[in-house]
Amino acid sequence: MATPYVKMNGLGNDFAVVRVGRDWSPSEAQVRAWADRASGIGFDQLIALSEGDGGPWVRFWNSDGGEVSACGNGSRAAAWLMMEATGTDRVGFGTPAGPLSAERAGDRRVTVDMGAPRLNWDRIPLAEEMDTRGIELQVGPIDDPVVHTPGAVSMGNPHVVFFTDRQDDAFVRGTGSLIEHHPLFPEGVNVGFANVLGRDRIRLRVWERGAGLTKACGTGACAALVAAARRGLTDRAATLQLDGGELRIVWDEATDHVLMTGGVEVEGTGVLPETSPA
Ligand SMILES: N[C@H](CCC[C@H](N)C(=O)O)C(=O)O
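In this report, the structure presented in the accompanying data block is examined. Just so you know, these numbers come straight off a predicted model, no measurement behind them.

## A closer look at the overall build of the protein chain
Here's step 1: From N to C terminus, the protein chain includes four helices and 19 strands.
Here's step 2: By the compact-globule yardstick of 19 Å for 278 residues, the protein chain fits well, its C-alpha radius of gyration being 18 Å.
Here's step 3: Along the longest, intermediate and shortest principal axes, the C-alpha atoms of the protein chain span 60 × 45 × 30 Å.
Here's step 4: Here the protein chain, with 278 residues, has 54% of them falling under the buried criterion.
Here's step 5: Considering only contacts within the protein chain whose residues lie at least 6 apart along the sequence, 61% involve residues at least 24 apart.
Here's step 6: As displayed, the protein chain has an accessible area near 11,600 Å², and 48% of this comes from carbon and sulfur atoms.
Here's step 7: Across the protein chain, the mean location of the 26 positive side-chain charges is 3 Å away from that of the 37 negative side-chain charges.

Take a look at the structure:
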């Protein structure tokens, strides 16, 4: 049966969003084929909306075909679609990482409550106990590392955040692809490169687990703000400047929840191509 999709993006981090049954389960090869920018639809993540007995449910797959538990920009896009469909200004939905809530924040702008960051080493997860404010990891010569002692944060998906002004493509791609599958991260990791420009401003680029260098990463922006605030580099609220635009991130002191606000765009619609169920 043909499955329609809506093509969307959040600051250029792009998605195909489908509405399917709860147990829809595309193969990794099918997702990879649909994600291919040359021969498929082309997207960073695939997002599936479904109705469960407990209400709306949202799932995420990276372009490498792997299903993951969280996607900030994708949650913002899904929330906007659901609010548009129901004519509401607020929506709650389940995700594999836990329940989220969202509300409109202006024209095609949405605030998602991304829940509390997970900060214990075994919640990232790391392969061994470490202080997640600055883990024992460095890149480059032992006696003169290029980057080192990153923060580690989970927003329902694993992130490591280097604080550096080294953000050129070659370095981000080379270092990100190296760290993504490092044995210290049993579930892999999203790799952020954060340049703190002020108490309330961070320039961030992210090499995403399973998707590579994207134009923006919502959970990465949340993780970078939390990691920076934990080290006293910023306040608990900041503007995150990503390649594709800006996100406002607030780590609320009273609730411990991270609020992410940013835009969403609808690019068009289509039908998922039938692929061989390889
Ligand atoms: N690559 C991420 C999922 C998508 C995250 C990103 N697109 C976002 O907006 O949070 C992971 O494997 O955990």
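## Some details on the nonpolar core
Here's step 1: Membership of the largest hydrophobic core comes to 52 residues, with the highest contact counts inside it found for Leu240 and Ile249.
Here's step 2: No other element matches helix α4 (residues 218-230), which puts nine residues into this core.
Here's step 3: Two domains share this core, each providing at least three of its residues, namely domain 1 (4-111 + 264-271) and domain 2 (121-256).
Here's step 4: Every residue in contact with Ile249, bar those within four places of it in the chain, is listed here: Ala221, Cys222, Leu225, Arg236, Ala237, Ala238, Leu240, Val258, Leu259 and Met260.
Here's step 5: Formed by 20 residues, the second largest nonpolar core is a distinct cluster that contains Met130, Val147, Ile179 and Val191.

## A look at the site of the ligand
Here's step 1: Looking at the ligand, there are 15 residues lining it, with Asn62, Gly72, Arg209, Gly218 and Thr219 nearest.
Here's step 2: A distance of 2.8 Å is found between an oxygen atom of the ligand and a side-chain nitrogen or oxygen belonging to Asn62.
Here's step 3: Take Asn190: an N or O atom from its side chain is 2.9 Å from an oxygen atom of the ligand.
Here's step 4: Contact with the protein chains covers 100% of the free accessible surface of the ligand, which is 360 Å².

## A word on α4
Here's step 1: With 13 residues, α4 should cover 18 Å at 1.5 Å per step; its first-to-last C-alpha distance of 19 Å lies within 8% of that length.
Here's step 2: For α4, the full list of buried residues reads Gly218, Thr219, Gly220, Ala221, Cys222, Ala223, Ala224, Leu225, Val226, Ala227, Ala228 and Ala229.
Here's step 3: Looking one or two residues beyond α4, the residue adopting positive phi is Gly232, at roughly 75 degrees.

## Some remarks on the sheet that holds strand β2 (residues 13-19)
Here's step 1: The strand order β5-β4-β3-β2-β1-β19 describes an open sheet built from six strands, whose pairing is mixed. Looking at the sheet topology across the chains shown, the edges are occupied by β5 (67-68) and β19 (265-271).
Here's step 2: Strand direction decides the pairing type here: strand β1 (residues 4-10) and β2, joined by six bridges, are antiparallel. Bridged to Val6 within β2 is Val17.

What counts as what
- Residues numbered from 1 in each chain as written.
- Predicted model: local features only at pLDDT ≥ 70, side-chain atom pairs only at ≥ 80, totals over all residues.
- Heavy atoms only, no water.
- Helix = DSSP H or I, 4+ residues; strand = E, 2+ residues; numbered from the N terminus.
- Rg over C-alpha atoms; globule rule 2.2 N^0.38 Å.
- Buried < 20%, exposed > 50% of the residue type's maximum accessible area, 1.4 Å probe, protein only.
- Contact = heavy atoms within 4.5 Å.
- Areas by Shrake-Rupley, 256 points an atom, 1.4 Å probe, with all protein chains shown as cover.
- Lys, Arg positive; Asp, Glu negative; His and termini not counted.
- Charge placed at Lys NZ, Arg CZ, Asp CG, Glu CD.
- Core = buried A, V, L, I, M, F, W, Y, C linked by side-chain atoms within 4.5 Å.
- Domains from an automatic or database assignment.
- Near = heavy atom within 4 Å.
- Polar contact = N/O pair within 3.5 Å; in protein donor to acceptor, adjacent residues only side chain to side chain.
- Expected span 1.5 Å × (residues − 1).
- Pairing = 2+ DSSP bridges.

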